[in-house]
Amino acid sequence: MADKIQNAYETLKNIYDDVLTQRNIFSKLYIKLFWSGTDDNDIARKVLSYVSDDFSGNLLDVPVGTAVFTENKWSSLKNAHITCLDYSIDMLDQARKRLGSHAHIKCIQGDVGNKKHFMKYGVF
């Protein structure tokens, strides 16, 4: 089963950001037809607005995906310690490209459903 999940992420990695952010007409049509027009950009803005701009604690982002929605917010939280977790190595590689230059952000691969899988990173 794990191989099927990983293969699905591998297949989607090149279109994931585009579909979620609805950057072109095909993505907008797909969202309109299959997701009832849900605008993930609005949802992300709303959710991220709950994290104060001066947040300075520990933050766990599960699943980080490609960090397409969180890159700007997490990068600006210089006094926070942010752990970004994702099951998909492909998604995490893209997140690392976006977030990797920030010392306060750590990206790790893991399965949130398997606590032992990522306890070694000190997340819990």
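First things first, this report covers the structure right here in the doc. Note that the structure is a prediction, hence the values are computed from the model and not measured.

A separate point is the sheet that holds strand β3 (residues 105-109). With parallel pairing, the three strands of this open sheet are ordered in space as β1-β2-β3. Strands at the two margins of the open sheet, each flanked by one partner only, are β1 (58-61) and β3. Across the sheet, the axes of successive neighbouring strands diverge by a mean angle of 20 degrees, strand direction being ignored. Two strands pair when backbone bridges link them, and strand β2 (residues 81-86) and β3 are joined in this way by five bridges, in the parallel orientation. Across the sheet, aspartate 86 pairs through a bridge with glutamine 109, a residue of β3. Across the sheet, helix α6 (residues 89-99) lies against β2 and β3, angled at about 170 degrees from β3, the strand it touches most.

A separate point is the nonpolar core. Counting residues in hydrophobic clusters, the biggest one holds 15 residues, and the most contacted among them are Val64, Trp74, Leu77, Ile82, Cys84, Leu99 and Ile105. Going through the elements one at a time, β2, α6 and β3 are the ones with two or more residues in this core. Among residues more than four places away in sequence, those in contact with cysteine 84 are Asp61, Val64, Trp74, Leu92, Leu99, Ile105, Lys106, Cys107 and Ile108.

Looking at the element boundaries, glycine 57 is found in the loop between α4 (40-49) and β1. Judged by relative accessible area, which is 26%, glycine 57 ranks as partly exposed. Distance in space between the C-alpha atoms of glycine 57 and alanine 80 is 5.0 Å, their sequence separation being 23 residues.

Moving on, we get to the pattern of salt bridges. What the rule picks out here adds up to four salt bridges. For aspartate 53, the salt bridge is made with lysine 73, and the minimal N-O distance between the two is 2.7 Å. Pair noted here: aspartate 53 is in the loop between α4 and β1 and lysine 73 is in helix α5 (residues 71-76), with a separation of 20 residues, a long-range link. For aspartate 53, a relative accessible area of 65% puts it in the exposed group.

Criteria and thresholds
Residues numbered from 1 in each chain as written. Predicted model: local features only at pLDDT ≥ 70, side-chain atom pairs only at ≥ 80, totals over all residues. Heavy atoms only, no water. Pairing = 2+ DSSP bridges. Helix = DSSP H or I, 4+ residues; strand = E, 2+ residues; numbered from the N terminus. Axes fitted to C-alpha atoms, helices over the stretch in contact; angles between N-to-C directions. Contact = heavy atoms within 4.5 Å. Core = buried A, V, L, I, M, F, W, Y, C linked by side-chain atoms within 4.5 Å. Buried < 20%, exposed > 50% of the residue type's maximum accessible area, 1.4 Å probe, protein only. Salt bridge = Lys/Arg side-chain N within 4 Å of Asp/Glu carboxyl O.

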